[in-house]
Amino acid sequence: MEAIALTEAVFYILLSLDQPMHGYGIMQNTERLSGGRVRLAAGTLYGAINTLLKKGWITALPSEGRKKEYQLTQAGRDAVRMEIKRLQELLDNGEKLTREWTQ
């Protein structure tokens, strides 16, 4: 799997889908996890869901009603772990290089 930078919205969508969830639940959970900073519009969410389905990072669960539920796959977990590693490297380098800045 190639290391790619995830958008904040995609990162929170993936985190939300550790448990099965429908679209509106994803929107609510993303807003909660981000402290209200990330608010997903329906078009943004469903565009991201389609992309994540194609990548195999999430799967659509069988459903009989209108509300489709989605869940994170192992490939999606791997993508989240890679993103955390990438972000940690950025943070470590930033802290190391700015430690001696006076202002």
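Structure first, text after, so check above.
As the structure is a prediction and not an experimental result, all values here were calculated from the model. (Residues numbered from 1 in each chain as written. Predicted model: local features only at pLDDT ≥ 70, side-chain atom pairs only at ≥ 80, totals over all residues. Heavy atoms only, no water.)

Trainee: How would you sum up helix 4 (residues 74-98)? Please name residues and give values.
Mentor: Over its 25 residues, helix 4 runs 36 Å from end to end, which matches the ideal 36 Å to within 8%, given 1.5 Å per residue. Among the residues making up helix 4, those that are buried are Gly76, Ala79, Val80 and Glu83. Against the buried residues of helix 4 lie helix 1 (8-16) and strand 3 (69-72). (Helix = DSSP H or I, 4+ residues; strand = E, 2+ residues; numbered from the N terminus. Expected span 1.5 Å × (residues − 1). Buried < 20%, exposed > 50% of the residue type's maximum accessible area, 1.4 Å probe, protein only. Contact = heavy atoms within 4.5 Å.)

Trainee: Could you give an account of the nonpolar core, with specific residues and numbers?
Mentor: Among the nonpolar cores identified, the biggest contains 23 residues, and Ile13, Leu14, Leu17, Ile26, Leu40 and Ile58 are the most heavily contacted of them. At the level of secondary structure, the elements contributing two or more residues to this core comprise helix 1, helix 2 (23-33), helix 3 (42-55), strand 3 and helix 4. Here this core takes six residues from helix 1, the largest share from any one element. Residues in contact with Leu14, not counting those within four places in the same chain, are Leu6, Leu52, Trp57, Ile58, Leu72 and Val80. (Core = buried A, V, L, I, M, F, W, Y, C linked by side-chain atoms within 4.5 Å.)

Trainee: Please provide a residue-by-residue account of helix 1, values included.
Mentor: Helix 1 sits mainly inside the fold: seven of its nine residues count as buried. Of all the residues in helix 1, the buried ones are Ala9, Val10, Phe11, Tyr12, Ile13, Leu14 and Ser16. Buried residues along helix 1 sit in contact with strand 1 (21-22), helix 2, helix 3, strand 2 (58-61), strand 3 and helix 4.

Trainee: How would you summarise the packing of aromatic side chains if you had to cite specific residues and measurements?
Mentor: Here the structure, examined in full by the defined rule, presents one aromatic pair. The interplanar angle of 65° and the centroid separation of 6.1 Å between the aromatic rings of Phe11 and Tyr12 together place this pair among those described as edge-to-face. One exposure class covers both Phe11 and Tyr12, and it is buried. (Phe/Tyr/Trp six-rings, centres within 6.5 Å; stacked < 30°, edge-to-face > 60°.)

Trainee: Can you explain the pairing of strand 3? Please cite residues and give values.
Mentor: Because side chains alternate across strand 3, one face comprises the buried residues Tyr70 and Leu72, and the other comprises Glu69 and Gln71, none of which is buried. Where strand 1 and strand 3 come together, two bridges link them in antiparallel fashion. Its bridge partner lying in strand 3, Met21 is registered against Tyr70. (Pairing = 2+ DSSP bridges.)

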